[in-house]
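Chain by chain, the residues run as shown.
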Amino acid sequence: MNVKKKCRQADWRAVGEMDARSGLKRSQYRSYQDKCHEVGVDVDTRLYLSGYEQGLKMYCTYETGYELGLNGKPLSVKCPEGSAKNFMRGYKSGKRLYQTRNY
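What you see is a predicted model; the values in this text were computed from it and never measured.

Caption draft 1: Layout of the overall build of the chain. For the chain, the count of helices and strands is 6 helices and 0 strands. Along the chain, from the amino end to the carboxyl end, the secondary structure elements read α-α-α-α-α-α. Along the longest, intermediate and shortest principal axes, the C-alpha atoms of the chain span 50 × 30 × 15 Å. Counting only residues that meet the buried cut, the chain has 28% of its 103 residues in that class.

In structure tokens form, the structure reads like this:
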């Protein structure tokens, strides 16, 4: 599928949700804007960001934080205030185990 067709057919809310669930930064939409603009298509930023916020709710959990820490992964996403504390608790717990294993 070519870029123009992808840009036109994209479900921007779903793309935003998937990006957040994958741990990509919120600014990821800018790369879509650049690519789609080159072929004369506008990205629905409002829908993308709405989906991104939904995806963060699924990403910013204790379990995800723990898994990232356990695997020595860096933090790339800023979680909302309501879930950041639990996410960071998981991350720190996983990171301690990661550091112990890789001492």
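Caption draft 2: A look at the state of the cysteines. According to the stated counting rule, one finds 2 disulfides in the structure shown. Disulfide pairing is shown between Cys 60 and Cys 79; the S-S distance is 2.1 Å. Between Cys 60 and Cys 79, the S-S dihedral sits near -90°, and the bridge is therefore left-handed. A residue pair is termed long-range when its members are at least 10 positions apart, and Cys 60 in the loop between helix H4 (45–59) and helix H5 (62–70) and Cys 79 in the loop between H5 and helix H6 (81–101) qualify at 19 residues. Of the two residues examined, Cys 60 and Cys 79, each falls in the buried class. Each bonded cysteine of the chain gets a number by its place in the sequence, and the pairs then read 1-2, 3-4.

Caption draft 3: Region of the structure containing the nonpolar core. Ranked by size, the top nonpolar core spans 18 residues in total, and within it Trp 12, Tyr 32, Cys 36, Tyr 48, Tyr 52, Leu 56 and Tyr 59 carry the most contacts. Elements with a minimum of two residues in this core: helix H2 (12–21), helix H3 (29–38), H4 and H6. Counting residues per element, this core draws most heavily on H4, at 4 residues. The residues contacting Tyr 59, other than those within four sequence positions of it, are Ala 20, Arg 21, Ser 22, Gly 23, Thr 64, Leu 68, Val 77 and Phe 87.

Caption draft 4: A look at H3. Along H3, the positions that sit buried rather than exposed are Tyr 29, Tyr 32 and Cys 36. For H3, the arc enclosing every buried residue in end-on projection is 55°, short of the 170-degree limit, so these residues lie on one face. Exposed residues lying more than 90 degrees from the buried face of H3 are Asp 34, Lys 35, His 37 and Glu 38. Of the surrounding elements, those touching the buried residues of H3 are helix H1 (3–9), H2 and H4. Phi for Gly 40, located one or two positions after H3, is positive at around 80°.

So, how was this worked out
- Residues numbered from 1 in each chain as written.
- Predicted model: local features only at pLDDT ≥ 70, side-chain atom pairs only at ≥ 80, totals over all residues.
- Heavy atoms only, no water.
- Helix = DSSP H or I, 4+ residues; strand = E, 2+ residues; numbered from the N terminus.
- Buried < 20%, exposed > 50% of the residue type's maximum accessible area, 1.4 Å probe, protein only.
- Disulfide = S-S within 2.5 Å.
- Core = buried A, V, L, I, M, F, W, Y, C linked by side-chain atoms within 4.5 Å.
- Contact = heavy atoms within 4.5 Å.
- Arc of directions from axis to C-beta.

The quantities given are spatial measurements derived from coordinates; they are silent on function.
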